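Listed below, chain by chain, are the residues.
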Amino acid sequence: MKNMLTVISNALCRITGRNVGTQVLVSRSFADFTPQVTFDIKKCDLHRLEEGPPEKAELTRDQGLQYYRTMQTIRRMELKADQLYKQKIIRGFCHLYDGQEACAAGIEAGINPTDHLITAYRAHGYTYTRGVSVKEILAELTGRKGGVAKGKGGSMHMYAPCFYGGNGIVGAQVPLGAGIALACQYQGNNQLCVSLYGDGAANQGQLFEAYNMAALWKLPCIFICENNKYGMGTSVERAAASTDYYKRGDYIPGLRVDGMDVLCVREATKFAADHCRSGKGPIVMELQTYRYHGHSMSDPGVSYRTREEIQEVRSKSDPISMLKERMLSHNMASVEEFKEMDVEIRKEVEEAAQFATSDPEPPLDDLCNHIFYNNPPLEVRGTHPWAKLKSLS
C-alpha cells in the first residue's frame, strides 16, 4: 500500500511540478492505522482490597480520538475562560480545570451516562463530559441567557441530567452524593453516584459522616479525591497528617490512581463501579493529578510553588500529550489528524466565546424564576416588603 502511494505521489509530482506527498498522506485509509492496542498502565495502590484494576488497558483508535477531543476541548475552553476573565468579561469566582482533564474524561469513560455525578466548584470539565456544550458553559460564565443555568449560576453552579453541580461550599457535595447513592439503592436501578472532592476538602468532618453512613448502608457510591497537591495555596504535606487519601475511608476499600493517565483513571473507575454495582458498598479513589492554574483566577499560583515545578509536570506528565504520544508511537493516528482536530476545537471554542459575549443577559423579570421545579406561580419578597417579584417554575 505504501509503495503504491509513493508511486502515485511521484507521478503527480512529475505531472504537476508540485510535491503532493502531504495531500496523499492526509488521505490515508483508516486501514493503514492500528485499530486497537493494549497498553501497560501504572499499578494502583490498594487499601483493603485483595485485587485491584488491571495493569493493562485496551484502547481502540476511536476511543483514543474521542478521549483526545474531550480533553483538548476542556483545555481550550479553560484557556478561553482565563482570557475572558482577564478581559473582565467573566467576573467573580472562577476555578479552572486545565491539567486535570484525564480525571473527567477517564471517569466518564468508566461509568454509564445514566449514573450520577456531583463535584465541587472546579466543575467546568465535568459539566462538559456530562453533556453540556462549550457554548452553554462559556455563556454561563459570562452570565448570559443562553448559559446552562440561564446565566444565574455562574462558574460554580452548572447542572445537567445526572449531574448535580458545581457546589460552592467546601466538601458539602460529598454527603449530597451519598444521598444520591441512597436514592439509587432505594429505586433499585443499578445506578451509582460518583462523589468528587479535592485534597483541601478531605479533612472535612462531613466526609467522614458520609463515609460512615455509606458503609453502614452499603451505598453504591464512589468517593473520589482529586488530589492536585494543593488546597488553595497550602501543600498537602502542610495540611494533612496523612496524605494517603485513599486510606481515609478506614473500613472502606480504597485505590490510589495515576490521575494524569486517562486509561488508568478509566480502568480504576470501571473497577470501582463494578465493586459498587455488585452490592459491596462504597469505595474511595484518590486520583493523583495537578492543576496548571492557581486555585482560582485571583491566585497567580506561583507564590507557593515554582514555575519550574509546573513546567516539569507539563513536560513529563501532561495527560493530553501522553495520550497523543501513545497513539502516534503505535500508529493509531497521524500528526495531521491531531492538527485537524485541534483546528476544529479552536473554532468551536472561538464561536462559543462569540456567543458568550454577544448573547443578552437575563432580564430582571427572570430573577426569581425556577426557585421550585414544579410549582404554581408565587410572589417573592424583594429587598423590602413592598417590592414583589413573581416566580415561575
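Named according to an unreviewed UniProt entry, the chain is Pyruvate dehydrogenase E1 component subunit alpha originating from Sphaeramia orbicularis. Taken verbatim from the UniProt record of the chain, the Subcellular location (unreviewed entry) comment is "Mitochondrion matrix". Comment text from UniProt for the chain, heading Function (unreviewed entry), reads "The pyruvate dehydrogenase complex catalyzes the overall conversion of pyruvate to acetyl-CoA and CO(2), and thereby links the glycolytic pathway to the tricarboxylic cycle."

J.: How should I be thinking about the overall build of the chain in this particular structure?
T.: Summing up its helical and strand segments, the chain has 13 helices and 12 strands in all. Compactness check: the chain gives a C-alpha radius of gyration of 23 Å against a globular reference of 21 Å for 393 residues, within 12% of the reference. With respect to the principal axes defined by its C-alpha atoms, the chain has extents near 85 × 55 × 45 Å. The proportion of buried residues among the 393 residues of the chain is 49%. Taking contacts inside the chain between residues at least 6 apart in sequence as the whole, the part at least 24 apart equals 70%. When the accessible area of the chain is evaluated, it comes to approximately 19300 Å², of which 53% is carbon and sulfur surface.

J.: Explain the domain arrangement of the chain here, please?
T.: How big an interface is tends to be stated in terms of accessible area lost as the parts join. Once the domains are mapped, the chain shows domain 1 (36–362) and domain 2 (364–392). Centre-to-centre, using C-alpha coordinates, domain 1 lies 35 Å away from domain 2.

J.: Sorry if this is basic, but what is going on with the pattern of salt bridges here?
T.: Side chains that differ in sign of charge can pair as their charged atoms come close. Scanning the entire structure with this criterion turns up 16 salt bridges. The residue K56 makes a salt bridge to D40 at a minimum N-O spacing of 2.5 Å. Pair noted here: K56 is in strand β3 (residues 56–60) and D40 is in strand β1 (residues 36–40), with a separation of 16 residues, a long-range link. An identical accessibility class is assigned to K56 and D40; each is exposed. Note that E101 and R75 form a salt bridge whose closest N and O atoms lie 2.5 Å from each other.

J.: What exactly am I supposed to notice about the UniProt feature "domain: Dehydrogenase E1 component" (unreviewed entry) in the chain here?
T.: When the UniProt feature table is mapped onto this chain numbering, "domain: Dehydrogenase E1 component" (unreviewed entry) sits at residues 69–363. Helix makes up 46% of residues 69–363 and strand 11%, and the two end C-alpha atoms of the span are 35 Å apart.

J.: Hey, could you run me through the sheet that holds strand β5 (residues 193–198) in this one?
T.: The strands that make up a sheet are held in pairs by hydrogen bonds between backbone atoms, and each pair lies either parallel or antiparallel. Spatially, the 6 strands line up as an open sheet ordered β2-β9-β10-β6-β5-β4, and their pairing is mixed. Each having just a single partner strand, β2 (45–47) and β4 (116–118) make up the two edges of the open sheet. Within the sheet, the average angular offset between the axes of one strand and its neighbour, ignoring direction, is 20 degrees. Pairing analysis gives 5 bridges linking strand β9 (residues 254–258) to strand β10 (residues 283–288), with the strands arranged parallel. The residue of β10 that forms the bridge with D258 is Q288. Here helix α8 (residues 205–216) sits on the sheet and contacts β5, β6 (221–227) and β10; the angle it forms with β6, its principal contact strand, is near 150 degrees. Sheet strands touched by helix α10 (residues 262–277): β6, β9 and β10. Its angle to β10, the strand with the most contacts, is close to 175 degrees.

J.: What should I look at first to understand the side chain of H293 in this one?
T.: Examined against the element boundaries, H293 turns out to sit in the loop between β10 and α11 (307–317). For H293, a relative accessible area of 18% gives the class buried. Side-chain polar atoms of H293 contact the side chain of D82, separated by 2.7 Å. With sequence-adjacent residues up to four places away left out, H293 is seen in contact with L79, D82, L96, D98 and R305.

J.: Help me out: how do you make sense of the environment of H370 in this one?
T.: By secondary structure assignment, the location of H370 is in the loop between α13 (335–358) and β11 (378–381). In the structure, H370 is positioned 70 residues away from P300 in sequence and 36 Å away in space, judged by C-alpha atoms. In contact with H370, other than residues within four places in its own chain, are K150, K152, S391, L392 and S393.

J.: When you look at helix α12 (residues 319–329) in this model, what are you seeing that I'm missing?
T.: Each turn of an α-helix holds 3.6 residues, which means side chains three or four residues apart point in the same direction. Taken residue by residue, α12 has P319, I320, L323, R326 and M327 as its buried positions. Viewed end-on, α12 has its buried residues packed into an arc of 135 degrees, placing them on one side of the element. The N-cap of α12, judged by a side-chain oxygen 3.2 Å from the amide nitrogen of I320 a few residues on, is D318. Once α12 finishes, N331 follows within two positions and takes phi at roughly 55 degrees, a positive value.

Analysis parameters
- Residues numbered from 1 in each chain as written.
- Predicted model: local features only at pLDDT ≥ 70, side-chain atom pairs only at ≥ 80, totals over all residues.
- Heavy atoms only, no water.
- UniProt positions renumbered as here; feature names shortened; annotations may be inferred.
- Helix = DSSP H or I, 4+ residues; strand = E, 2+ residues; numbered from the N terminus.
- Rg over C-alpha atoms; globule rule 2.2 N^0.38 Å.
- Buried < 20%, exposed > 50% of the residue type's maximum accessible area, 1.4 Å probe, protein only.
- Contact = heavy atoms within 4.5 Å.
- Areas by Shrake-Rupley, 256 points an atom, 1.4 Å probe, with all protein chains shown as cover.
- Domains from an automatic or database assignment.
- Salt bridge = Lys/Arg side-chain N within 4 Å of Asp/Glu carboxyl O.
- Pairing = 2+ DSSP bridges.
- Axes fitted to C-alpha atoms, helices over the stretch in contact; angles between N-to-C directions.
- Polar contact = N/O pair within 3.5 Å; in protein donor to acceptor, adjacent residues only side chain to side chain.
- Arc of directions from axis to C-beta.

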